[in-house]
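Analysis of the macromolecular model
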Amino acid sequence: MFSKILVASDGSGPAVNAAKAAARIAKAVSASVTVVTVSYVPKVYAGDISPAMRQGYVDEWHHVLDITVHPVERLDVKPEAKLLRGDEPAPAILKELEAGGYDLLVVGRTGAGGHKIRKTGLTMMGGVSMKIIGNAECAVLLVH
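This report concerns the structure included in the present document. (Residues numbered from 1 in each chain as written. Predicted model: local features only at pLDDT ≥ 70, side-chain atom pairs only at ≥ 80, totals over all residues. Heavy atoms only, no water.)

**Overview of the environment of His 62**
- One can find His 62 in helix α3 (residues 51–74).
- His 62 sits in the partly exposed class, given a relative accessible area of 38%.
- Sequence separation between His 62 and Ala 81 is 19 residues; the distance between their C-alpha atoms is 9.4 Å. (Helix = DSSP H or I, 4+ residues; strand = E, 2+ residues; numbered from the N terminus. Buried < 20%, exposed > 50% of the residue type's maximum accessible area, 1.4 Å probe, protein only.)

Quick look at the structure:
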């Protein structure tokens, strides 16, 4: 059913839960798992940041990959980890999704951004999750 699974992570609890769910699915169907996060500098700081601070952002995003990959590895799945570059997370993730030929995207319902967008009275998702889900051209699993 699924052969290539992409997990998009921002290091939040729901993102780590999404990675664990992806690992369980991958194990059950012998699929590969790739964990990605996007290294970006928030636009508010983009024009006014030193090279050392920019490297600090990159280091932090590497840490996000580490904390997402380790729970997957503990479930005996060896994921590929990718640090994507981009101005915004959603477009970079969607580009990877298309280029990599993934057939399942697994994301957390809300992320570390701290804000939620209410789409209906019953549904609340993070802004990045909504952008990715709304534009993904493959199956999507949304995890709490």
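**Here's the deal with the side chain of Ser 12**
- Positionally, Ser 12 belongs in the loop between β1 (4–8) and α1 (13–29).
- Since its relative accessible area comes to 10%, Ser 12 is described here as buried.

**Some details on the pairing of strand β4 (residues 104–108)**
- Judged by how many residues are buried, β4 sits mostly within the fold: five of five residues are covered.
- Of the two faces of β4, the one holding Leu 104, Val 106 and Gly 108 and the one holding Leu 105 and Val 107 are both buried throughout.
- Two strands pair when backbone bridges link them, and β1 and β4 are joined in this way by four bridges, in the parallel orientation. Looking at β4, one finds that Leu 6 is bridged to Leu 105.
- In the sheet, β4 pairs with strand β7 (residues 139–143) via five bridges, with the strands oriented parallel. Of the residues in β7, the one forming a bridge with Leu 105 is Val 140. (Pairing = 2+ DSSP bridges.)

The values are spatial; any link to function lies outside them.
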